[in-house]
Amino acid sequence: MSDEKRTHYDGPAGGWGSIQSVTRMFTQDDLPRLSTFNALLRINKPGGFACTSCAWTKPKHPHTAEFCENGAKATAWDLTTARVEAEFFAQHTVQELSTWPDYELEKAGRLTQPMRYDSETDRYVPVTWASAFADIGQQLTDMDPKSVIFYASGKASLETSYMYSLWARLLGSQNLPDSSNMCHESTSVGLTQSLGVPVGTCLLEDFEHCDAIFIFGQNTGVNSPRMLRTLQQARMRGAAIVTFNPIRERGLEFFTDPQSVGQMLTGAKPPISSQYHQLQAGGDIAAMTGMAKLLFEAEDQGRPVIDRAFIAEHTQGFDEFESFVRHADWDELLAESGLSKTDLQSAADVYMNAKATIGVYGMGLTQHRHGVSNVHMFCNFLMMRGNIGRPGAGACPVRGHSNVQGQRTVGMTEKPELAPLDKLAELYDFEPPREKGWDTVESCSAILDGRAQGFIGLGGNLARAVPDTDRMEPAWRNLGLTVNIATKLNRTHLLPGKTCYLLPCLVRMERDQQAGGAQTVTIEDSMSMVHGSVGDIAPASPHLLSEAAIVAGMAKATLGARAKPDWDAWVGDYGLIRDAIQETYPEFFPDFNQHLFDAGGFYKGNAAHERQWHTKSGKAEFLVPQSLNATGFSKEPGRFRLLTIRSNDQFNTTIYGFDDRFRDVMGTRMVVLMNSEDIQDQQLTEGGMITLDSDDADQIPRSVSGLEVRRFNIPRGCIAGYFPELNPLISLTHHALESNVPAAKSVPVRIRA
Ligand SMILES: Nc1nc2c(c(=O)[nH]1)N[C@H]1C(S)=C(S)[C@@H](COP(=O)(O)OP(=O)(O)OC[C@H]3O[C@@H](n4cnc5c(=O)[nH]c(N)nc54)[C@H](O)[C@@H]3O)O[C@H]1N2
Ligand SMILES: Nc1nc2c(c(=O)[nH]1)N[C@H]1C(S)=C(S)[C@@H](COP(=O)(O)OP(=O)(O)OC[C@H]3O[C@@H](n4cnc5c(=O)[nH]c(N)nc54)[C@H](O)[C@@H]3O)O[C@H]1N2
Ligand SMILES: [Mo]
């Protein structure tokens, strides 16, 4: 761990700080500088490769460097020259590796050959691909397919994800949880109920036409930094940006575009947000209800600020919604949001004056007990002024992993109604499972109580990403079979089932050479644009297989001599998989293979964007939220709302380093960020060490110790700390109603000195 303490950083997001951070990365010993540099220049360009970091859309006219600080980190992380080979595992038992921090595990380097866990020696030992596939095939054939979990983490391509979910269904399982179950599932559920589409309705050009952007709980500067340029351009054009976030995130305050010579040389740090409202975690429904109330008040005073024509023609449920808003009590709205009426009035004024408004959101809305209600209320708010399905307006949930949205599109879903089962039955001559499979939380419960027997992970670090770490980890080891397709070693790999394999794969930047030549893969970004991606760097090891080849190898070993599909032909030429995707989803992928390198990607289409409403009623729905408080628990003396957040030096469970320069946390991740009055009230001192205890209704003891108190600009009653270190504090049952997304943005905890 670096114990380096750097001085206070008050620079903007982007700017020289990010150049410095990328430069520092380039001077690391384990990086091949030339190929990394060349790789960076090919990121997010037609004919290049899609960045493996975030899901923000790729513009039609990319910049010379169409990547950001964090995309560069992700690229460098994959291209390291460090290797985890057979000798590494000969030297370290799994028991010993379990004591290593996440950072050290991944830092050890790229996995290079298939390994099997040997319980006698507690070590991973090398195996051939053929024997790995044969054994996995045998084990799976002996298991009830409905007890096997087929997880995917959001990076694997459309081609691999289509094959993977088809394989699971051919075997008889619909247990297809995806990282989006921990992330934007509240969007998939909530937006579908409100607008009839599971994904955002905006396109990049809408940002060129909007007058206002409202951002709820999305940390653009860290998690989708390329989007800052989009926001900055909108702001400079005169659009207002109104942000709601308990934490003042630097990227939403100022951004110096590293691509702008002028900004860099003058040291300008143009502001991003025109208003910044630090509300209570879980206070968004109350804040939006307050603004809605002000819209009704304005209308009552004769200002026609509500789009009655849109509401009459396109929506239903408005009367109930209006009555809910009019009856809401101001004192309660202000207490729940933590904002003043003046704050809400100034935000509502911007909204009323804007002809076209875009709403942006992230985990600050989805990861709450009432995360789905948050999304409903967000849609209500936009629809009041007809801000769906017209230029410069719409809903823009910002997705996480680079292909997480696409994986859901091509069948990675546990929900039978979301997969074209009849079509699959017809194309592949089989009877697909029709009952609902397990999502992530349900998979975890099944692991805990022994109903699950097998786990296959297509990427990710599921055991580390889910709540209730201390209960989950021992249960994981009771599984009969665990298989992880991965690029780097992580904690989940150190929880071997009775039979356990670690199968290393290519990364997106590496050349994927198959029988039919070098292959292209595709991904779908946050704006439903599909992009081809071609790797051209030599693979980290000659023993690596592509994810597609690994899935096909396991599928063949389990499904025997079935005539369809022809897995070998598919792996030889991914174009054939795309043909199959096109046949399965003709509405989304017409002439798929002809559009791989369309500038800006090819648009999968979005019904709500065209004001077609695929809801039950055929109209967009105003839905009354279940509660004004999204946390699902009440305020009690000594109980805090813990927000588990990401640093600027991590990608989910991948920890690049121990600095979070925007929040002045350097050299450690074991901190609790607190309001100074709360520190005083709790009789703590800054720099003192504390323990956090779970205060969940289930009363199961859960604690994390060794946390340092830091004074921080955050509303009273809310504290923040980093995920995944704090995941032991979250009860598996503390999740969003309906979507089951773990409620990681308001965890009830108490502080022990
Ligand atoms: N560099 C980098 N990029 C990433 C990732 C990464 O880890 N690192 N992860 C990827 C993934 S999988 C995802 S899902 C996305 C996540 O990207 P985001 O959606 O930005 O998720 P978080 O960083 O978890 O936090 C979101 C913000 O919500 C705020 N917040 C917390 N509670 C509330 C609340 O109740 N109300 C409001 N209004 N705000 C709240 C937090 O202060 C924080 O600023 O990013 C993706 N991109
Ligand atoms: N408390 C709390 N918990 C959270 C969150 C939170 O905000 N707070 N966020 C949640 C969210 S939004 C998400 S998406 C999940 C993330 O959960 P996951 O998606 O499961 O986790 P990652 O950390 O993204 O997975 C990292 C691992 O993926 C593997 N990997 C990397 N690249 C590739 C590749 O190209 N192919 C393959 N096969 N493997 C690869 C590497 O082995 C690496 O160790 O965590 C969730 N958990
Ligand atoms: Mo995510």
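Preceding this section is the structure that the text describes.
Residues numbered from 1 in each chain as written. Chains lettered and ligands numbered in written order. Predicted model: local features only at pLDDT ≥ 70, side-chain atom pairs only at ≥ 80, totals over all residues. Heavy atoms only, no water.

**Q** Let's hear about the environment of Ser705: which residues, and what values?
**A** Position of Ser705 among the secondary structure elements: in strand S28 (residues 703-711). Taking the relative accessible area as the measure of exposure, Ser705 reaches 45% and is therefore partly exposed. Placed 313 residues apart in sequence, Ser705 and Gly392 show a C-alpha to C-alpha distance of 48 Å. Leaving out residues up to four positions away in the same chain, Ser705 has contacts with Met670, Ile690 and Thr691. (Helix = DSSP H or I, 4+ residues; strand = E, 2+ residues; numbered from the N terminus. Buried < 20%, exposed > 50% of the residue type's maximum accessible area, 1.4 Å probe, protein only. Contact = heavy atoms within 4.5 Å.)

**Q** Can you explain the nonpolar core? Please cite residues and give values.
**A** Counting 59 residues, the largest nonpolar core has Tyr162, Trp167, Tyr428, Ile456, Leu503, Met554 and Trp567 as its most contacted members. Ranked by the residues each element gives to this core, the list is headed by helix H8 (residues 158-171), at nine residues. With residues up to four places along the chain from it excluded, the contact list for Leu503 reads Pro114, Trp129, Ala132, Ile136, Val483, Asn484, Ile485, Ala486, Ile550 and Met554. Counting 58 residues, the second-largest nonpolar core is a separate cluster that includes Ala240, Phe321, Val375 and Ala607. (Core = buried A, V, L, I, M, F, W, Y, C linked by side-chain atoms within 4.5 Å.)

**Q** Tell me about the sheet that holds strand S7 (residues 212-216), and please be specific about residues and values.
**A** The strand order across the open sheet formed by five strands is S10-S8-S7-S12-S13, and the pairing between neighbours is parallel. Every interior strand has two partners, whereas the edge strands, strand S10 (275-277) and strand S13 (394-397), have only one. Sheet twist, expressed as the average angle between the axes of neighbouring strands with direction ignored, equals 15°. Two strands pair when backbone bridges link them, and strand S8 (residues 240-244) and S10 are joined in this way by three bridges, in the parallel orientation. (Pairing = 2+ DSSP bridges. Axes fitted to C-alpha atoms, helices over the stretch in contact; angles between N-to-C directions.)

**Q** Pulling in residues and values, what's your account of helix H7 (residues 129-141)?
**A** Taking 1.5 Å of rise per residue, 13 residues should cover 18 Å, and H7 covers 18 Å from first to last C-alpha, within 8% of that figure. Taken residue by residue, H7 has Trp129, Ala132, Phe133, Ile136, Gly137 and Leu140 as its buried positions. The arc that holds every buried residue of H7, seen down its axis, measures 130°, which confines them to one face. (Expected span 1.5 Å × (residues − 1). Arc of directions from axis to C-beta.)

**Q** Give me the lowdown on the site of ligand 2, citing residues and values where you can.
**A** Neighbouring ligand 2 are 33 residues, the closest being Glu106, Tyr151, Glu547, Thr653 and Asn727. At 2.6 Å, a side-chain N or O of Thr653 approaches an oxygen atom of ligand 2. When ligand 2 is considered free in solution it has 940 Å² of accessible area, and contact with the protein chains removes 96% of it. Only helix H24 (462-465) and strand S15 (481-486) provide two or more residues apiece to the shell around ligand 2. The class makeup of the residues in the shell around ligand 2 is 13 nonpolar, 14 polar and six charged. (Near = heavy atom within 4 Å. Polar contact = N/O pair within 3.5 Å; in protein donor to acceptor, adjacent residues only side chain to side chain. Areas by Shrake-Rupley, 256 points an atom, 1.4 Å probe, with all protein chains shown as cover. Nonpolar A, V, L, I, M, F, W, Y, C, P; charged D, E, K, R; others polar.)

**Q** Explain helix H20 (residues 371-384) to me, using residue names and the numbers behind them.
**A** In this model H20 runs 20 Å from its N-terminal to its C-terminal C-alpha over 14 residues, within 8% of the 20 Å that 1.5 Å per residue would give. Backbone geometry just downstream of H20 places Gly386 in the positive-phi region, at approximately 65°.

**Q** Give a detailed account of a nonpolar patch on the surface, specifying residues and quantitative values.
**A** A cluster of nonpolar side chains, contributed by Trp16, Ile19, Val261 and Leu265, occupies part of the molecular surface with about 440 Å² of accessible area. Here Leu265 lies in helix H13 (residues 261-266). (Patch = residues over 30% accessible without salt bridge, like charges linked within 9 Å, V, L, I, M, F, W, Y side chains within 5 Å. Salt bridge = Lys/Arg side-chain N within 4 Å of Asp/Glu carboxyl O.)

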